[in-house]
Structure formats: C-alpha cells, structure tokens
Amino acid sequence: MRVSGRLTWGRRTRAGVASAALLAAAVAPAVALTPAAAAGAAAAGTPVCQVRDDRLRELSGMVATDDGYVMINDGADDEARRRIFFLDKRCKVVRAVAYPSRPRDTEDLAIGRDGTVWVADIGDNDHSRETIALWRLAPGADEPVLHRMTYPDRPHDAEALLLDASDRPVVVTKGGSGTVFLYAPTAALRSGATTPLASVGQVTLPTTNTSNPFSFLGRGVITGAASAPDGRRVVLRSYADAFEYDVPDGDVVRALTAGTARITPLPDEPQGESITYSRDGRSLLTVSESADQPPGTRPTILRYPATDGPATAARPTDSAASALPTLARPIAEDTTGPGNRTWLVAAGVGTLVALLGLAGVLRRRHTARR
C-alpha cells in the first residue's frame, strides 16, 4: 500500500532491498532446504497481455472472468485508483466501479458462485487495524457493500482471500517466517455490523530456493490466493512460488491444513502479489506491481501451466475443523515445533534477522483510517 511521498519511500525501499540482500547473503548458508525445494532454473511465465492503464500500477488482486479480468490496486493515495477495474481479454479497462467510502488497504479478490466479486480490504502493515473488511459487488451492481470483521486475538497483516464451497470467506495472513494463519467468519456477514472471525487453522509453507527480488524473505510470505473454477483446487502464492492444494470435498480449510502442496515456481517476478486460475483451470495467471519498477514498465499478466500429478511438498499441519469455526482453538504464531521445517539453523537469531529484514523490505506505508 502506498501514499504520498513515493520518491522518498522508493529510496527507502531500495535501501531496504540492498540491506535484505546483505542479510540474505549472510544468513543463506544456514537455510535448510527440503528435498521438495523447487529447482533453481525455473521457467519464467508466458506473457498474456499488458495492462497499459496508468491507474493500475499498484496491482494487488486479480481474478479471471469469462470476459477478461477484474483487478484492484492496494494504494489509496490517488482517488482515481480506488476502483474495482474490469478489463477485457486484451487487458484494456472497460469499466471501473468506485467504492462508496474510502477503503483502507485492498489486497485480494475472489468471485463467488453467483458471480459476486469480493474485495479483501485486509492489509494491515502496521498491525493496528481494529477491523478488517470485505466489499461485495453483486453482478450488475453500481457499488460494493462493506462488511466489517474483527480478529479474535490481535491484528494481522493479510493479503490473500479464498472462498469455500459455500462462499464462506477464508482470510489467509501474510506471515513472515513460513507459517500463515487462516481465519473465517463465525456468522453470516451483514452490512452495518462487525462479524467476529475465528482462527480455523495454520499452514506451514514448503521451502524452496526460487529466485525472487527478496531472496529467502520473499519465500515465506503469502501475497495472494485463488480457487480453481471448479472449486477442486486452491492456490496460495508467495513472492517466489505458487502452492497448489487439492480440494476434493469443498473444504478449503482442510485442504490447506491437511493437504500437500504442489509447487509452481514464479521466478523473479518484480513484486508478485496477484494470482488467479484461467477460466479453463489449466493455467495459473499472475501479475506484478509496476509502481517502483523502471520507467515505462507495465504490469504484464503471465501464464504458468497448472501442476498435475501427485503433490511434491509434504509439510506438517495444524488444523481446526472448518465446519465448527467458532470452536477452533486459538493458534499461537510459533513455527518452531518439531514437525515444522527448519528455516534457519540458528533459529533464534536467524528468525529475528528474517523478521527485521522482512520489515525493512516489505513494509508499506499505512493510509488514513476510514
């Protein structure tokens, strides 16, 4: 998320990237990779189309539709960018829907079974929001409706949203050390009301060595998510990889917490925060921000073949029964259990270094509160 003062922030970002690179170089020898780590020479995605509308430079969410794509920015500094954008198959904007009030930090998109567009206003880089929100735009509606939610424990930064078979939202936190947490509403969402969330599980991400601008830090955060059109697969993405899970029975939480991921490397995307399935379900589509890229850089949708066959990355689980979200036990943000993968050999110091580096590289400025 960005506000005014982009030049100054851009310098801070570049300095942070440089610092993170030094940290990564110093810590990299201590990183233990699982046998399932992705190959280093991963293939880049195939360009599909280029987004040339200057209002879409801070892309944080994308879904594919029969007619093209829906996209959102995460920035709120420029009023013209605070829209839900509809694009055709050539990435040309054909419609833009404004919000009735100012969003805080819109980070992801999902489409319900009836065609409703869900906008996840869930970003919280400073971990200071008392509520997060979902905006629901019904098919043909002129403006979205706001639904507020609150975490049961503490604020979380999140950039990913999924819908289960009944269109229940599942918020996936961003994480930072390879473990992310799942939250779902305890009741039906209502406009004008604040619905409590419950913790329903956690996911420990597979370890890879896929090249990305943020080194090992970029592999341990989740920046987007998507469901396949038939609902039988979901995918989480980091700055480096896509982690795909089978959903044989519509239970998204169980798939994420008890399933095994298949990995599709997304190498060297500039700042990849968006992912969706193609409408035929055969491909994964991604797009990156371009705001802090060299002049003239345009966001480009990239296509990767969706993975088939057996899963490639086993990992530990910790799930709560998604059918009973109100009974899900609280989950401590602890990734040092005996079954979890080892991120750093020097666990204590290494984890601190990783978190400090992540904060310096990936932290964005907060906007004014609604």
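The structure under discussion appears in the preceding block.
Every chain is numbered independently, its residues counted from 1 as its sequence is written. Reporting in this predicted model follows two pLDDT cut-offs: at least 70 for local features of residues, and 80 or more for side-chain atom pairs to be given and counted; totals over whole chains, interfaces and linings ignore these cut-offs and use all residues. Derived side-chain values reflect all non-hydrogen atoms in the structure, with water molecules and hydrogen atoms excluded from consideration.

Participant: Could you clarify how one ought to interpret the overall build of the protein in this entry?
Facilitator: Summing up its helical and strand segments, the protein has 3 helices and 21 strands in all. Whether a residue is buried, partly exposed or exposed follows from its accessible area with a 1.4 Å probe, protein chains only, as a fraction of its type maximum: under 20%, in between, or over 50%, in that order. Burial statistics for the protein: of 370 residues in total, 55% are counted as buried. Pairs of residues are marked as contacts when any of their non-hydrogen atoms sit within 4.5 Å. For the protein, restricting intrachain contacts to residue pairs at least 6 apart in sequence, the fraction spanning at least 24 positions comes to 61%. Calculation of accessible area relied on Shrake-Rupley with a 1.4 Å probe; when residues are assessed, cover is drawn exclusively from the protein chains displayed. Counting only carbon and sulfur atoms, one obtains 54% of the accessible surface of the protein, whose full area is about 15,000 Å². Secondary structure follows DSSP: runs of H or I at least 4 residues long count as helices, runs of E at least 2 residues long count as strands, and numbering of each begins at the N terminus.

Participant: Just to check I follow, could you spell out the layout of surface pockets for this structure?
Facilitator: Empty space among the atoms becomes visible once a probe the size of a water molecule is rolled across them. With a 1 Å grid spanning the protein atoms alone, the term cavity applies to any set of points in which a 1.4 Å probe fits but cannot get out, the term pocket to an open set with protein on both sides within 12 Å along at least five of seven lines, and the term lining residue to any residue with an atom within 4 Å of a point. Grid points are joined across faces, edges and corners, and a volume is the space filled by probe spheres set on the points. If you add up the space inside the largest pocket, you get close to 800 Å³. Ala-110, Ile-111, Gly-112, Arg-113 and Arg-279 are the residues nearest the centre of the largest pocket, which is lined by 44 residues in total. Its residues assigned to classes, the lining of the largest pocket shows 27 nonpolar, 8 polar and 9 charged. Throughout, the ten residues Ala, Val, Leu, Ile, Met, Phe, Trp, Tyr, Cys and Pro are labelled nonpolar, Asp, Glu, Lys and Arg are labelled charged, and all others, Gly among them, are labelled polar.

Participant: Would you take a moment to explain the packing of aromatic side chains for this structure?
Facilitator: Each aromatic ring pair is characterised by the separation of its centres together with the angle its planes make. Stacked, edge-to-face and tilted labels apply to pairs of Phe, Tyr and Trp rings (six-membered ring for Trp) whose centres lie within 6.5 Å, assigned for plane angles under 30 degrees, over 60, and everything in between, in that order. For the structure shown, the criterion picks out 3 aromatic pairs. Each ring, one from Phe-214 and one from Tyr-239, has its centre 4.8 Å from the other, and the planes form 65°; the classification is edge-to-face. Here Tyr-239 lies in the loop between β15 (233-237) and β16 (241-246) and Phe-214 lies in the loop between β13 (194-204) and β14 (224-227), a separation of 25 residues in the sequence. Over the ring of Phe-86 we find Arg-95, and its NZ or CZ is 4.9 Å from the ring centre. Think of it as a cone above the ring: NZ of Lys or CZ of Arg counts as a charge over the ring if it is within 6 Å of the ring centre and within 35 degrees of the ring normal.

Participant: In this structure, what is going on with the pattern of salt bridges? I would like to understand it.
Facilitator: Side chains that carry opposite charge are capable of pairing whenever their charged atoms lie near each other. What makes a salt bridge here is a side-chain nitrogen of Lys or Arg within 4 Å of a carboxyl oxygen of Asp or Glu, nothing more. According to the stated counting rule, one finds 15 salt bridges in the structure shown. With a closest N to O distance of 3.1 Å, Glu-58 and Arg-81 form a salt bridge. Residue Glu-58 is located in the loop between β1 (46-50) and β2 (59-64), and its partner Arg-81 is located in the loop between β3 (68-73) and β4 (83-88); the two are separated by 23 residues in the primary sequence. The exposure classification of Glu-58 matches that of Arg-81, with both residues buried.

Participant: Got a minute to help me understand the sheet that holds strand β17 (residues 262-265) in this structure?
Facilitator: Note: strands within a sheet are paired through backbone hydrogen bonds, in either parallel or antiparallel orientation. Strands are treated as partners if at least two bridges between them are detected by DSSP. Spatially, 4 strands are ordered β14-β15-β16-β17 in an open sheet, and the strand pairing comes out antiparallel. Edge strands, defined here as strands with exactly one partner in the open sheet, are β14 and β17. Going from strand to strand, the sheet's axes swing by 20° on average, the running direction of each strand aside. Where β15 and β16 come together, 5 bridges link them in antiparallel fashion. Along β16, the bridge assignment pairs Val-234 with Tyr-245. Only the stretch in contact is used when a helix axis is fitted, and all axes are lines through C-alpha atoms; the angle between N-to-C directions ranges over 0 to 180 degrees.

Participant: Would you mind going over the nonpolar core with me for this structure?
Facilitator: Soluble, globular proteins show a tendency: their nonpolar side chains are buried together. By size, the foremost hydrophobic cluster in this structure holds 23 residues, and its most contacted members are Leu-162, Val-172, Leu-182, Ile-222, Leu-236, Tyr-245 and Leu-256. Listed by contribution, the elements that provide at least two residues to this core are β10 (158-163), β11 (169-173), β12 (179-185), β13, β15, β16 and α2 (252-258). The leading source of residues in this core is α2, at 4 residues. Every residue in contact with Leu-182, bar those within four places of it in the chain, is listed here: Val-170, Val-171, Val-172, Ala-198, Ser-199, Val-200, Gly-201, Val-203, Val-253, Leu-256 and Thr-257. We call a set of buried Ala, Val, Leu, Ile, Met, Phe, Trp, Tyr and Cys residues a nonpolar core when their side-chain atoms join them within 4.5 Å. Core analysis: the second largest hydrophobic core is formed by 16 residues, Ala-110, Trp-118, Met-149 and Tyr-151 among them.

Participant: Honestly, the pairing of strand β20 (residues 300-305) in this entry has me stumped. Any pointers?
Facilitator: Within a regular strand, the side chains alternate between the two sheet faces. Pairing of β1 with β20 involves 4 bridges; the strand directions are antiparallel. Each bridged residue has a counterpart across the sheet, and for Cys-49 the counterpart in β20 is Ile-301. The pairing of strand β19 (residues 283-288) with β20 spans 4 bridges and is classified as antiparallel. Bridged to Thr-286 within β20 is Leu-302.

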